[in-house]
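Descriptive structure summary
Next come the chains, spelled out residue by residue.
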Amino acid sequence: MAKSSRQQQLRSVLTRDRLIQATLDEIFEVGYHAATTQEIAVRASVSRGALLHHFPMRADIVLAAMEALLEDGTRQIKAVAGQLQDGKVSLGDFVEFLWRLFSGRFFYLSLEMITEARNDAGLRERMIPVVKRFHDALDEIWLAFCDPQRCAPRQARIILNLTVCLMRGMGVQTVLRPEPGYYREMIESWKAMLPHIIDGAAGDIMFAKPVVKDNR
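Quick caveat: nothing in here was measured; it's all calculated off a predicted structure. Per-chain numbering applies: the sequence of each chain, read as written, is numbered from 1 onward. Residue-level local features of this predicted model are given only where pLDDT is at least 70; pairs of side-chain atoms are given and counted only at 80 or more, and the full residue set underlies all totals for whole chains, interfaces and linings. Heavy atoms throughout the structure, all of them, feed into the side-chain values; hydrogens and water do not.

**Brief notes about the domain arrangement of the protein chain**
Those domain boundaries reflect an automatic or database domain assignment. Partitioning the protein chain into structural domains gives domain 1 (1-56) and domain 2 (58-207). For domain 1 versus domain 2, the distance between C-alpha centres works out to 29 Å. Facing 18 residues of domain 1, the contacting portion of domain 2 comprises 15 residues. Once two parts are brought into contact, the accessible area they lose, counted with a 1.4 Å probe and summed over both, makes up the buried area. Interface area for domain 1 against domain 2, summed over the two sides, is near 1600 Å², with a carbon-plus-sulfur share of 69%. When the buried surface of domain 1 facing domain 2 is broken down by residue, Leu-24, Phe-28 and Tyr-32 rank first, second and third, together holding 44% of it. Salt bridges are identified by distance alone: a Lys or Arg side-chain nitrogen within 4 Å of an Asp or Glu carboxyl oxygen. Linking domain 1 to domain 2 there are one salt bridge. Notably, a salt bridge pairs Asp-25 with Arg-105, separated by 2.7 Å at the nearest N-O pair. Here a polar contact is recorded for every N or O atom pair within 3.5 Å, except that within protein the pair must consist of a potential hydrogen donor and a potential acceptor, and residues adjacent in sequence are included only if both atoms are side-chain atoms. Our enumeration of links across domain 1 and domain 2 arrives at five residue pairs in polar contact (both at pLDDT 80 or more). When residues of the side of domain 1 that touches domain 2 are traced back to their parent elements, those giving at least two are α1 (3-30) and α2 (37-44). Per element, the largest residue contribution to the side of domain 1 that touches domain 2 is nine residues, and it comes from α1. Class assignment of the residues belonging to the side of domain 1 that touches domain 2 gives a composition of eleven nonpolar, five polar and two charged. Working rule for contacts: check all heavy atoms of both residues, and any pair within 4.5 Å makes them a contact. Helix and strand definitions here come from DSSP, where helices need a minimum of 4 consecutive H or I residues and strands a minimum of 2 consecutive E residues; each element is numbered from the N-terminal end. Three classes are used, and their members are as follows: Ala, Val, Leu, Ile, Met, Phe, Trp, Tyr, Cys and Pro are nonpolar, Asp, Glu, Lys and Arg are charged, and the others, Gly among them, are polar.

**Notes on helix α5 (residues 91-101)**
Between buried and exposed lies partly exposed: a residue is buried under 20% and exposed over 50% of the maximum accessible area for its type, with that area taken using a 1.4 Å probe on protein chains only. Here α5 lies mainly inside the structure; eight of its eleven residues are buried. If you check which residues of α5 are buried, you get Gly-92, Phe-94, Val-95, Glu-96, Phe-97, Leu-98, Trp-99 and Leu-101.

**A look at the environment of Leu-63**
Looking at where Leu-63 falls in the secondary structure, it is placed in helix α4 (residues 58-85). Linking Leu-63 and Trp-99, residues 36 residues apart in sequence, is a C-alpha distance of 25 Å. Residues within four places of Leu-63 in sequence aside, it is in contact with Arg-126, Met-127 and Val-130.

**Observations concerning the confidence of the model for the protein chain**
As a general rule, the predicted coordinates of low-pLDDT regions are not to be interpreted in detail. Within a predicted model, pLDDT stands for the predictor's per-residue confidence, ranging from 0 to 100. The predicted model of the protein chain has a mean per-residue pLDDT of 90, with 93% of residues at 70 or higher. Within the protein chain, helix α10 (residues 201-206) has the poorest average pLDDT of any element, 80, and α2 the best, 97.

**Let's talk about the nonpolar core**
Side chains that are nonpolar tend, in soluble globular proteins, to be buried together. Nonpolar cores are built from buried Ala, Val, Leu, Ile, Met, Phe, Trp, Tyr and Cys residues. Side-chain atoms within 4.5 Å join them into one set. With 58 residues, the main nonpolar core has Ile-77 and Phe-94 as its most contacted residues. Only α1, α2, α4, α5, α6 (105-119), α7 (121-145), α8 (153-173) and α9 (180-199) provide two or more residues apiece to this core. If you tally residues by element for this core, the top one is α4, at twelve residues. Both domains that meet at this core, namely domain 1 (1-56) and domain 2 (58-207), each give it at least three residues.

**Section: α9**
Under the 1.5 Å per step criterion, the end-to-end length of α9 is 29 Å for 20 residues, consistent within 8% with the ideal 28 Å. On its buried side, α9 packs onto α5, α8 and α10. Expected helix span is given by 1.5 Å per residue-to-residue step, counting one fewer step than there are residues.

**Considering the UniProt feature "domain: HTH tetR-type" (unreviewed entry) in the protein chain**
UniProt positions are given in the numbering used here, feature names are shortened, and annotations may be inferred rather than shown by experiment. UniProt's entry tags residues 13-73 with the feature "domain: HTH tetR-type" (unreviewed entry), counted in the numbering of this structure. Between the C-alpha atoms that bound residues 13-73 the distance is 21 Å, and the span itself is 80% helix and 0% strand.

Written as structure tokens, this is what we have:
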């Protein structure tokens, strides 16, 4: 491949990355509906023609931005989960990390796009497989750092997804209930409960097999 061709491909990749980052920045700053492709192009310092070359439709760049956002979130979660597995951070530290993730930029950006997808069938149809890949990756991460001797794969998925859903739900509440103390109480309570769910009586109760009554 000629040097000029490689340079052109590199410029194209860098332009695409700048447009995706600019989309995330614009949506985070002004919201989904106010984020126009014109302002995205300005923020990325590219022409509108360059934007349309990479992303002919607004939905195309939104989908690419969502995919990049979730990939970055996956990398962050995987990195901290690895630190937990290696004993470099505690389970409580991991919960605190998830809270920061799901009450900050990552979460608010995903919330903007998910809310829009609710009323846009075309966007929703294209976004579902992107989000599914994110959740599949989370399941793999959970299983990778949970000791199978202490926690069966199904139990690991349920426990960690319960944690994520708790953080997500509180993240939504922060929009209209900006009371840090309110969330801190729940976070500390969950941090105290989690070890007992993973390897204690609480987990035994949660995952006990139902007793089948013989009515004969």
